[in-house]
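Structural overview
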Amino acid sequence: MGSVLTNPLRVGLRQERVIPPQCLVIFGASGDLTHRKLIPALFELFRQRRLPSEFAVLGCARRPWSDEEFRQKMAEAMASEVAEHRMAWEQFAAGLFYEPVDLQDPPTVVRLGQRLDMLDRQRATRGNRTFYLSVSPNFYGSGCRALAAAGLLSDPARSRVVIEKPFGRDYGSAQELNRVVQASAQENQIFRIDHYLGKETVQNILVLRFANTIFEPIWNRNYISSVQITAAETVGVEERAGYYESSGALRDMVQNHLTQMLALTTMEAPGRFDPESMRNEKAKVLQAARLANEDEPWKCCVRGQYGPGGSSTRPIAGYRQEPGVNPESTTETYVAMKLFINNWRWQGVPFYLRTGKRLPKRLSEVVLTFREAPVHLFDAASGAPTPNQLILRIQPDEGAEFKFEVKAPGSGMRSRPVDMAFSYDDSFGEPSDEGYVRLLADAMLGDPTLYTRSDEVEAAWRLYTPLLELIEDAPNQLPVYPYEARTWGPGAADSLLAEDGLAWRRP
Amino acid sequence: MSTQLTLQAPLALPPAEVPSYLERLWSQELGSSHGAATFTLVVWEGSWLEQQLVRCGRLNGPITGLLNETVLEAARAAAISCGLPLSTAPMDPQLAWAIGKLGGDHHAEDLRGQFVEGAISAHMPRRLITLAPTLDGGHPLETLVAAYCPLPEEGSGGDACGDVVVLRGGTGALRQSLELVQPLISPDLPCWVWWNSSLDEAPEVMATLASGHRRLVVDSSLGDPRRCLDLLVDRIDAGQPINDLNWLRLRSWRESLAMVFDPPSRRDALNHVVQLDLDVEGSNPVKGLLLAAWLADRLGWHLISTYPVDGDGAGQGIGAEFERTDGETVRFRQMPVPVGVPKTHPGAMVGLRLICQSSQGSPLCVILCSESGGCMRLESGGMASMELAEEVVPLPNESEEMEMARLLSGGHDSTNPLLAAAAPLAAKLLP
């Protein structure tokens, strides 16, 4: 959201749920994510007084740091925030601790348990523990096993484990990982992150749909002709080449973020707003989702890879020229695809998903296009009447827009499209929490609403399995088309919609 | 969550045997566990209203210390019998005092300290100590002790258990029992002291129980307004943590007013406030003053003067002049208004009117009305030329126990900065 002056009456007033006393244990605490995202998010929660006094953070990694070294390293990584809020930082840092732990080495995990018991008594954290696995995905399963073996997940009411994405690489590996994780803890103790679910505007999809009467009656195949879901990035692979080369856009963005937006847009209304009811509905709709052509999946999916672009004064390197990328790489940085959802509500409505790096704009949106009026009574000023559209802007310029036809001024009865817009900035002007602040708070609250469940994850992987198998076994059938950096992707992606007489929305 | 009883019938013991009994309980009967590493909760449970209603036969027992609808209905009926104004809140200490003059000598079982609200027990207090003063000032000290395990047995063992200690007697006997109570409060765990009674009574007991950094929880609607506000200020000045349930009940008013100014297009109006009017139920001004002080603090106003204002038969109001950061004056009025059905606690908010007048654009008038009351007085007065923003403020529907549970669930060892800033100003506003 844009930067606006804070409402002085809103300061200190967040009507947020109170995080209970607990110890947050971060595995992989010497890594990037901890000092870039997790500790800053926790510090923000502390400054908002949303962390109780009885709280501790225990960083764990193999490095033989002391408590003081850990505090020092976090302070260095957050130098500017620390300088701005020196006193708050000193109070916060007094609750940071460190324990050298190797999850593959059981004695160190036992020692971890003893340290946690000590911290419980020292900080009165009531035996509540949240374990955050900020480690390589290869260690998610073994990490959960190690925690369970040490008895650290035995109390389902007071222990939970948070797992970063990706959860598996495909359906089989996701199933296997679920088996391992569920053997270590109950499902309600497992929090699988999807960062998009932490965004206010993604959550607003639910509120818009289910807090208003007017949308639900038309939110179906009888009124909606197609849906486009876009997550566009302007950045390239940056420093993530090591991970991205083996992942690609399909695993990095489509399987999780776009699929979550798809689920929230298409799910049935839950009976009540509780985590299980919500997740039941999401899993159901994902189980009904299918590639538009499962027998010939190459016909409903286009992959692309950005090449050089930019201008002569500001050239942009192509993906294969990025540091750490194989010069012969066939990893896709762009994916577009067509899906259907085979249920009563959505049968026959095409869903077009696209995501890519080095596109012209950074934006995420869900666009619902409505069927045309059965009879065109009026001439359109633009030649043909524009179908009604509801555009949910996830980022930036968060809000929603409804496009509809009105009478154009002047004599005669010609119609033209106009927008009715809602903007978070204009209505609230309050910057919402950065994703990790919200996600961490919810995990520590034990609220799984913004986290994915095992069946959702498996359904999402199963949906894209035909494509993943094709990429693995017959990549030539799903070639990677080049596109110039800062363009809207390869021409083949336009053909995907042109076959249906449609075009991608140009935001 | 339903209220829960203790695990076993509490054992009556001579006071001197309590420490050794507890020692035995933990070393032998609860498997040498240390118990829940959570907190100690000490409650001064006056329950004078309930005790008096039972004594004069207007309420059947037992006496539990819980303020339920039966107690409130009996209190409202008694207010009429005692000839008090209709707008007397059930929890107004003068009501309990007036009922005390009614005849009667009924008795009922006293179970104070033995009924634990489920929301509180879910936090697994390590020790719950209740001091239950009796109507009979000469009543000797009685002590009761029991173990308490609020969670199911799965996975928790003795680490979820705590104990309950009840001390019951006349105020004098309880004062003397403080020597027994202090060692029962572990220095290794946070300690909350909930003064669930008027702030006018037994100040020396409160001072002893809530010494040092123990987290005091009070209700500034109960007691003499000056004493209540001074207590808040003294604790804040001394750096001793204090929470005020009266302040917490203002949550929806603060939120509703903040919401009005969330749209950035309205923010500038906050710099041009010229008038603030508050209506409160009855004659207790504390809650309204805390709200006004919060607003003044947030907007950087400086208090110039404060003075009593004559009401229209409903009691005296409070007037004040503030100076804005740009030097302009803000006029403040808080008036008591009579209501047909008063809220539970004295001094509840009825309405708020804020008028903002800048040199550009039409003036803005913000009116907030309590969900259960009318704002006719604030709505009158020729505001047709103003942009009007009117909101209804939802009634809080949480009991004291639920509010207390919320504090226990994620409390702090320091006073909320908003309260710390507002309380001193509210104290200055009181003429």
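Refer to the structure printed above.
The text that follows walks through the structure, step by step, so that each part is easy to find. (Residues numbered from 1 in each chain as written. Chains lettered and ligands numbered in written order. Predicted model: local features only at pLDDT ≥ 70, side-chain atom pairs only at ≥ 80, totals over all residues. Heavy atoms only, no water.)

1. Points about the overall build of chain B
For chain B, the count of helices and strands is 16 helices and 17 strands. Computed over its C-alpha atoms, the radius of gyration of chain B comes to 23 Å, within 12% of the 22 Å expected for a compact globule of 431 residues. With respect to the principal axes defined by its C-alpha atoms, chain B has extents near 75 × 50 × 35 Å. Within chain B, the proportion of its 431 residues that are buried is 59%. Restricting the contact set of chain B to residue pairs at least 6 apart, pairs at least 24 apart contribute 73%. For chain B, the accessible surface area stands at approximately 17000 Å², while carbon and sulfur atoms represent 51% of it. Within chain B, one finds 30 positive and 52 negative side-chain charges whose respective centroids are separated by 3 Å. (Helix = DSSP H or I, 4+ residues; strand = E, 2+ residues; numbered from the N terminus. Rg over C-alpha atoms; globule rule 2.2 N^0.38 Å. Buried < 20%, exposed > 50% of the residue type's maximum accessible area, 1.4 Å probe, protein only. Contact = heavy atoms within 4.5 Å. Areas by Shrake-Rupley, 256 points an atom, 1.4 Å probe, with all protein chains shown as cover. Lys, Arg positive; Asp, Glu negative; His and termini not counted. Charge placed at Lys NZ, Arg CZ, Asp CG, Glu CD.)

2. Brief notes about the packing of aromatic side chains
Residue and element names in this part refer to chain A. Counting across every chain of the model gives 21 aromatic pairs over all chains. Centre to centre, the rings of Phe27 and Phe131 are 6.2 Å apart; their planes meet at 25 degrees, and the pair counts as stacked. Residue Phe27 is located in strand 1 (residues 22-27), and its partner Phe131 is located in strand 4 (residues 129-133); the two are separated by 104 residues in the primary sequence. Looking at Phe27, the relative accessible area reads 2%, which means it is buried. Taken together, Phe43, Phe46, Trp89 and Phe92 form an aromatic cluster joined through their ring pairs. (Phe/Tyr/Trp six-rings, centres within 6.5 Å; stacked < 30°, edge-to-face > 60°.)

3. Here we look at the interface of chain A and chain B
Listed by partner, the interface residues are 33 residues for chain A and 41 residues for chain B. Area buried by chain A at its contact with chain B is led by Leu9, Arg49 and Arg126 of chain A, which between them contribute 28% of it. Inspection of the chain A/chain B interface yields three salt bridges. Of the charged contacts, one joins Arg215 of chain B and Glu54 of chain A as a salt bridge, the two residues approaching to 2.5 Å between their closest N and O atoms. Linking chain A to chain B there are 14 residue pairs in polar contact (both at pLDDT 80 or more). Of all elements in the fold, only helix 5 (106-123) and helix 12 (424-427) of chain A reach the threshold of two or more residues within the side of chain A that touches chain B. With three residues, helix 12 of chain A is the single largest residue contributor to the side of chain A that touches chain B. Each residue belonging to the side of chain A that touches chain B can be placed in one class, and the counts come to 14 nonpolar, eight polar and eleven charged. (Buried area = accessible area lost by both parts, 1.4 Å probe. Salt bridge = Lys/Arg side-chain N within 4 Å of Asp/Glu carboxyl O. Polar contact = N/O pair within 3.5 Å; in protein donor to acceptor, adjacent residues only side chain to side chain. Nonpolar A, V, L, I, M, F, W, Y, C, P; charged D, E, K, R; others polar.)

4. Some details on the packing of helix 11 (residues 275-288) of chain A against helix 14 (residues 454-473) of chain A
All names here are of chain A. Between helix 11 and helix 14, the shortest axis-to-axis distance is 9 Å and the interhelical angle comes to 15 degrees. One way to sum up the angle between helix 11 and helix 14 is to call them roughly parallel. Remark: the crossing between helix 11 and helix 14 carries left-handed chirality. Between helix 11 and helix 14, the residues in contact are Arg279, Lys282, Ala283, Leu286 and Gln287 and Asp455, Glu456, Ala459 and Arg462, respectively. When the residues that make up the contact of helix 11 with helix 14 are grouped by side-chain class, the tally is three nonpolar, one polar and five charged. (Axes fitted to C-alpha atoms, helices over the stretch in contact; angles between N-to-C directions. Parallel < 35°, antiparallel > 145°, perpendicular 65-115°, else oblique. Left-handed = near helix turned anticlockwise from the far one by under 90°.)

5. What to know about the environment of Tyr481 of chain A
Residue and element names in this part refer to chain A. Relative to the elements of secondary structure, Tyr481 occurs in strand 20 (residues 480-484). On the accessibility criterion, Tyr481 (37% relative accessible area) is partly exposed. Taking the C-alpha atoms as reference points, Tyr481 and Leu206, 275 residues apart in sequence, are found 36 Å from one another. If we skip the residues at most four places from it in the chain, Tyr481 touches Val302, Arg303, Gly304, Gln305, Pro490 and Ala492.

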